[in-house]
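# Topology and contacts: notes
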Amino acid sequence: MLAPHRTQELVATDRREVRALLLSVAFVWIATALLIAHPYYRQVGGGYLDRLGLPHWLMWATCAAELLLGLVVAFARPTLPLLVVQAAMVAGFTAILAFLDPLLLAHPFGALTKNLPLLGALATATLAAREGFSPRALWLLRTSMALPWLTEGLLPKVLFQQELELELVRHSGLVPIDASAFLYLLGAAQIASAAAALLLRGAPLVLLLCAQVAALLLLPIVVSQQDPLLWVHPFLPLLKNVPILIGTVVVARRCSTSS
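The rules behind each value
- Residues numbered from 1 in each chain as written.
- Predicted model: local features only at pLDDT ≥ 70, side-chain atom pairs only at ≥ 80, totals over all residues.
- Heavy atoms only, no water.
- Axes fitted to C-alpha atoms, helices over the stretch in contact; angles between N-to-C directions.
- Helix = DSSP H or I, 4+ residues; strand = E, 2+ residues; numbered from the N terminus.
- Parallel < 35°, antiparallel > 145°, perpendicular 65-115°, else oblique.
- Left-handed = near helix turned anticlockwise from the far one by under 90°.
- Contact = heavy atoms within 4.5 Å.
- Nonpolar A, V, L, I, M, F, W, Y, C, P; charged D, E, K, R; others polar.
- Core = buried A, V, L, I, M, F, W, Y, C linked by side-chain atoms within 4.5 Å.
- Buried < 20%, exposed > 50% of the residue type's maximum accessible area, 1.4 Å probe, protein only.
- Salt bridge = Lys/Arg side-chain N within 4 Å of Asp/Glu carboxyl O.

The next subject is the packing of helix H6 (residues 135-159) against helix H8 (residues 179-199). In contact at an axis separation of 8 Å, H6 and H8 are set at 165° when each is read in the N-to-C sense. It follows from the interaxial angle that H6 and H8 lie roughly antiparallel. Here the hand of the crossing between H6 and H8 comes out left-handed. From H6, Trp-139, Arg-142, Thr-143, Ala-146, Trp-149, Leu-150, Glu-152, Gly-153, Leu-154, Lys-157 and Val-158 reach across to H8, where they touch Leu-183, Tyr-184, Leu-186, Gly-187, Ala-188, Gln-190, Ile-191, Ser-193, Ala-194, Ala-197, Leu-198 and Leu-199. Tallied by class, the residues present in the contact of H6 with H8 amount to 15 nonpolar, five polar and three charged.

Shown next as structure tokens:
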């Protein structure tokens, strides 16, 4: 049986990590709302509203609601109703955008597929707030953080290569081989990384997770040197790395202390 002070320490750690996950998701909601100030955001978002036959003021109203939701997520306790509201909003946006432009599901930088780890971080925070970081809460987070490596490796790099990413590779000056072949290799590495994140244990797993953290920090910088407007894209393909980054750090820490 754990000593009382140790139990209190674990509870405090659980709370900090739950709060970190919630703040990372709140950051995405708030960033989505505030970036409407940028004209590129309004240009892209307005284009999709035009295709739906909807007025542009709806974008402002939606951003106001997202700002409010982000503040609630940042400061309120995680509850099942709050999780359901966010899941419904994310699922609704994803379904509408995927219907309008199916290739968004294979966007090179996870414009829609990164919604999966975002929801996973929310679900984990809600579960861990109730029962601590139990084995099933940790496994939920671990699986959620592996998903973007699988989806971004399989969809845009292996199955549906797109000119956007091919051009970025060609103009990066960092790749000495054919851009398409490089993407196949990178996709295979990402898929292997996703599998390894679920199968490895102990020190090898922690080392892999640290490598993923480094990639989450470095790859957006490399990509944005070629296309800096990705930072203000309304679907936040780069800024959605924040919940993935925080979730991966939590998984690495948990797996490190339990190994």
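More follows now that the structure is in view.
This part covers the nonpolar core. If you look at the biggest cluster of nonpolar residues, it comprises 47 residues, and the most contacted ones within it are Val-73, Phe-133, Leu-141 and Val-251. Every element with two or more residues in this core is listed here: helix H1 (4-34), helix H2 (39-52), helix H3 (57-75), helix H4 (80-100), helix H5 (115-131), H6, helix H9 (202-226) and helix H10 (241-258). With nine residues, H1 is the single largest residue contributor to this core. When neighbours within four sequence positions are excluded, Phe-133 is seen to be in contact with Asp-14, Glu-17, Val-18, Leu-21, Thr-124, Ala-128, Leu-141, Val-250 and Arg-254. Among the nonpolar cores identified, the runner-up in size contains nine residues, and Leu-100, Leu-104, Ala-111 and Phe-235 belong to it.

Bringing the pattern of salt bridges into the picture now. Counting across every chain of the model gives eight salt bridges. Note that Glu-17 and Arg-253 form a salt bridge whose closest N and O atoms lie 3.3 Å from each other. Here the residue Glu-17 occupies a position in helix H1, and Arg-253 occupies one in helix H10, the gap between them amounting to 236 residues. The salt bridge partner of Arg-136 is Glu-131, with a shortest N-O separation of 2.8 Å. Bridged by salt links that share partners, the residues Asp-14, Glu-17, Arg-253 and Arg-254 form one connected network.

A positive phi is found at Leu-236, a non-glycine position, where the angle reads about 50°. Locating Leu-236 in the fold gives a position in the loop between H9 and H10. On the basis of relative accessible area, Leu-236 is assigned to the buried category, the value being 1%.

Nothing here speaks to function; it is all geometry.
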